[in-house]
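Structural overview for review
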Amino acid sequence: MRYKHSTRFYAAGTTIAVTLGAVLAGPAFAQNYSAFDIGSLGTGATYATAINASGQVTGNSVTKDGPYHAFVTQANGVGMTDLRTLPGGFNSYGFAINDKGQVTGKSDYLDYPGVPGASTSPYAFITDIKSDMNLVTPSRSWSHSEGHGINNSGQIAGFSGIDNSNGGVFVTDADAVNPRHIGNLNSYEDEGYDINASGQVVGNAHISS
C-alpha cells in the first residue's frame, strides 16, 4: 500500500497520511501529532516514500559509502534496515510497501552477471526486512524495470522497457512471480504506479497526437 506523502528526514508526513485517513472516516475532533527523525543509513540524507498499516516506512537513504540504498523500518517508523541492492548494484530505491512488510522499488543490476566490468541497469525488486533482494522482471530481454506498487498478496505493478524499446506497464501474480505486460491505450511509455487488492493497476499512458 502506498501513500504519496513523501517527506525528507522526518516520518511525520507519512504518519500523518495514515492518521488523517482515520480522522476523515471518524468523528471530527482534534488530533495531536508528533514528528521524529527516523534516522539515516549514514549521512543524514533520507527520503521516505511509503508507509504501511503498522507504520513501517520505506524509501532511500545515503549510506556511509555514498550510494543511495533502499531501507525499511520496523513498526511505527522505528529502526532502519539497509535493504542493500541486487547483485552488482550500486544504488537502490524503495517505492512501495505492503502490510506484510514486503518492499518493491528499483535497484542497479548487472546487465551480464559474471562478466567483468559489465554495465548495470535499474530493475524491479522485492524484499523485506529479513530477506535479500530478489529480481522481479527478466534481465536482458527486459532492458530495465521499476516496481512502484505492491498489494498484500505480493502482486507488483510497475513499468519496464523491452529490448531497449519503450516498453510499458507490467504486473505480477502473487509473491511477485510471472511478470507480464498488460494492455495499453495505443500509447507508448506507459507507467504503472499502484495496485489494489483486486489486482487493478493505475498509472499513466503517453498518447501521441
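Up top is the structure these notes are about.
Conventions we followed
- Residues numbered from 1 in each chain as written.
- Predicted model: local features only at pLDDT ≥ 70, side-chain atom pairs only at ≥ 80, totals over all residues.
- Heavy atoms only, no water.
- Pairing = 2+ DSSP bridges.
- Helix = DSSP H or I, 4+ residues; strand = E, 2+ residues; numbered from the N terminus.
- Buried < 20%, exposed > 50% of the residue type's maximum accessible area, 1.4 Å probe, protein only.
- Core = buried A, V, L, I, M, F, W, Y, C linked by side-chain atoms within 4.5 Å.
- Contact = heavy atoms within 4.5 Å.
- Phe/Tyr/Trp six-rings, centres within 6.5 Å; stacked < 30°, edge-to-face > 60°.
- Lys NZ or Arg CZ within 6 Å of the ring centre and 35° of its normal.
- Salt bridge = Lys/Arg side-chain N within 4 Å of Asp/Glu carboxyl O.

Two orientations exist for strands paired in a sheet by backbone hydrogen bonds: parallel and antiparallel. A sheet is described by the order of its strands in space; here four strands give the open sequence β10-β11-β12-β13, paired in antiparallel fashion. Edge positions in the sheet fall to β10 (144-150) and β13 (180-181), since each of these pairs with one other strand and no more. Pairing of strand β12 (residues 168-171) with β13 involves two bridges; the strand directions are antiparallel. Of the residues in β13, the one forming a bridge with F170 is H181.

For the rest of this paragraph, the subject is the pairing of strand β8 (residues 120-127). Along β8, six of the eight residues are buried, which leaves the element largely enclosed by surrounding structure. Two elements, β8 and strand β9 (residues 134-135), share two bridges in a ladder whose sense is antiparallel. Across the sheet, the residue bridging to F125 is L135, located in β9. Hairpin connection between β8 and β9: a loop of six residues separates the two successive antiparallel strands.

Here we take up the nonpolar core. One finds A50, A70, V72, L83, L86, I97, V103, Y109, Y123, F125 and M133 forming the largest nonpolar core, which totals eleven residues. Within the residue set of this core, elements represented by two or more residues are β4 (68-73), β7 (103-110) and β8. Aside from chain neighbours lying at most four places away, what touches A70 is L41, G59, N60, T81, D82, L83, R84, S92, Y93, G94, F125 and M133. Among the nonpolar cores identified, the runner-up in size contains nine residues, and A96, I150, I156 and F170 belong to it.

Now for the sheet that holds β7. A sheet is described by the order of its strands in space; here four strands give the open sequence β6-β7-β8-β9, paired in antiparallel fashion. One side of each edge strand has no neighbouring strand; the edge strands of this open sheet are β6 (92-97) and β9. With eight bridges connecting them, β7 and β8 associate as antiparallel partners. Considered in β8, the bridge of S107 is made with Y123.

Take the packing of aromatic side chains next. Within this structure, the stated rule accounts for five aromatic pairs. Arranged with centres 5.9 Å apart and planes meeting at 65°, the rings of F159 and Y193 form a pair that is edge-to-face. Separated by 34 residues along the polypeptide, F159 in strand β11 (residues 156-161) and Y193 in strand β14 (residues 188-195) bring together distant segments of the chain. Here a set of aromatic residues connected by ring pairs shows up, and it is made of Y47, Y68 and Y93. Just above the ring of Y93 sits the side chain of K106; from NZ or CZ to the centre is 5.4 Å.

Opposite charge on two side chains lets them pair, provided their charged atoms get close. One pass over the full model with this rule turns up two salt bridges. Among the ionic pairs, K106 bridges to E146, the shortest N-O distance being 3.4 Å. Placement of K106 in strand β7 and of E146 in strand β10 is noted, with a sequence separation of 40 residues between them. E146 gets classed as buried once you look at its relative accessible area, which sits at 13%. Measuring nitrogen to oxygen at the nearest pair gives 2.9 Å for the salt bridge that ties D173 to R180.

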